[in-house]
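# Reading the structure
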Amino acid sequence: MPDSVRVAQLQNSFGVFADAMVGEDGTTVLENELIEIRLKNKGGRVGYVRLKKYDNYKGEPLVLFNEEDSKFDFKLVTAANRVVNTEDLYFIPIKTGSNSVTMRLNTGEGSHLDFVYTLNPNDYMLQFSVKGTGLNGILAPSTTTLDLDWEQKIVQQEKGRKFEDRYATVYYKLMADDVEYLSETQNDSKQLSARLKWIAYKDMFFSSILIADGDGFESTTIDSEMLPKDSPFLKEYKTTTSIPFDLKGNEATNMRFYFGPNQFSLLKSFDDDVEKAEQLDLEKIVPLGWGIFRWVNQYFVIPLFNFLGKYISSYGLLIFLLTVIVKLLLFPLTRKSYLSSAKMRVLRPQVEEINAKYPGQDQAMERQRATMELYSRAGASPMSGCVPMLLQMPILIALFMFFPSAIELR
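Residues numbered from 1 in each chain as written. Predicted model: local features only at pLDDT ≥ 70, side-chain atom pairs only at ≥ 80, totals over all residues. Heavy atoms only, no water.

### Quick notes on the overall build of the protein
A tally of regular secondary structure across the protein gives 7 helices and 19 strands. For the protein, the C-alpha radius of gyration of 30 Å lies well beyond 22 Å, the compact-globule estimate for 410 residues. With 410 residues in all, the protein has 46% of them scored as buried. Within the protein, residue pairs in contact and separated by at least 24 positions form 62% of the contacts whose partners lie at least 6 positions apart. Element-wise, carbon and sulfur atoms account for 54% of the exposed surface of the protein, whose accessible area totals about 20,900 Å². Where the 46 positive side-chain charges of the protein centre and where its 52 negative ones centre are 9 Å apart. (Helix = DSSP H or I, 4+ residues; strand = E, 2+ residues; numbered from the N terminus. Rg over C-alpha atoms; globule rule 2.2 N^0.38 Å. Buried < 20%, exposed > 50% of the residue type's maximum accessible area, 1.4 Å probe, protein only. Contact = heavy atoms within 4.5 Å. Areas by Shrake-Rupley, 256 points an atom, 1.4 Å probe, with all protein chains shown as cover. Lys, Arg positive; Asp, Glu negative; His and termini not counted. Charge placed at Lys NZ, Arg CZ, Asp CG, Glu CD.)

### Section: the pairing of strand 7 (residues 92-97)
Sheet topology note: the strand 7/strand 8 (residues 100-108) ladder contains 5 bridges and is antiparallel. Bridging across to strand 8, Lys95 finds its partner in Val101. (Pairing = 2+ DSSP bridges.)

### Structural notes on the confidence of the model for the protein
The pLDDT averaged across the protein works out to 87; a share of 92% of its residues lies at or above 70. Scored below 50 in pLDDT, residues 4-10 makes 7 contacts in the model with residues more than four places away or belonging to other chains. (pLDDT = per-residue confidence, 0-100.)

### Some thoughts on the pattern of salt bridges
Tallying each qualifying case throughout the model produces 13 salt bridges. Arg104 is the partner of Asp114 in a salt bridge, and the nearest nitrogen-oxygen pair spans 2.8 Å. Taken together, the residues span a long stretch of sequence, with Asp114 in strand 9 (residues 111-119) and Arg104 in strand 8 at a distance of 10 residues. Given a relative accessible area of 9%, Asp114 falls into the buried group. Look at Arg104 and you get partly exposed, because its relative accessible area is 24%. The structure contains a network of salt bridges with shared partners spanning Glu36, Arg38 and Arg50. (Salt bridge = Lys/Arg side-chain N within 4 Å of Asp/Glu carboxyl O.)

### Some remarks on the nonpolar core
Ranked by size, the top nonpolar core spans 97 residues in total, and within it Phe74, Trp198 and Phe259 carry the most contacts. Tallying contributions element by element places helix 4 (residues 292-309) first for this core, with 6 residues. Discounting chain neighbours no more than four positions away, the residues touching Phe74 are Val84, Asn85, Thr86, Phe115, Phe128, Val130, Leu146, Asp147, Leu148, Ile243 and Met255. (Core = buried A, V, L, I, M, F, W, Y, C linked by side-chain atoms within 4.5 Å.)

Written out as structure tokens, the structure is:
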């Protein structure tokens, strides 16, 4: 087909976006000490993320996703009521600093759509904003939101696929509300009318999280699909949602990406010096158990683990010391349980004599009264052996939940 005919067809189909349908699919790199991010000209999106301090189970660089495994696409409705997808358009990278890049979609003289990315030093958080300039008359005048499709296949990073799969799912936070998640063991989907603060594509130890800094995501549908066991991917996550967009270009729509480890203390640190109503609660994607077990982990086990980690580089020794400290703290309860069990063993012959003295169901009250009097004189109780064990259970179960979730022990 002659170029002139193809250009005419593009002009007819895409109007002012026709020129952006043709371009060179290059890559722009943003990186710091922790992370390497590659931005694609086509789509103006993040097409590759590598975490520099981690490897996968094969000893290869740990890549969260690449261009083929992911999608990040905005739907633009033109003034002529045509739908154009940013994934089909070529953006022009403009370096605005050593750690910032603007991916610009030109739509005519004096008008453009900008995706601005900023990566600060020593940070897993990528700042991301969407801003239009001179788009009145180009996009539909009723445009107040942009529809977004976000998809990602979760790469198997750990050797134990079945175990890793058990911890992989989609988490999301309702605006000014709690954190919820989809099923880890089967295909699952949620249609949410409430606004969301963030959506997390979670693996066992690493996550890709999209955070809205403004009014949040609205009219959101989230899907999680399990993939075949012979696939190099565990699951595929999909989100369709909408973000606020200022057609006049006075304000940018600000978001953030978190690409990094599911480390409780790191995720919790993003809420430092933040008012409670504005806190992200990203640390809730780390499975530490529910209720009292999570409290024990959050306020006892993790602080103690982090404190010991400041002085001990060997995690084997650290776990040993952590276990010793827990056992010492539980020793009074354990000792009381052992003493109670010993007393009950000593009293067993006398209990059997009482049972022989008051046989049958008709003498059950006398038998019970005599048994309790024996226990009272000896200072023993059947419950005194059980209660200390029950009090220990929250700490022991909390440790059982903590160890598989701690990326430090990966």
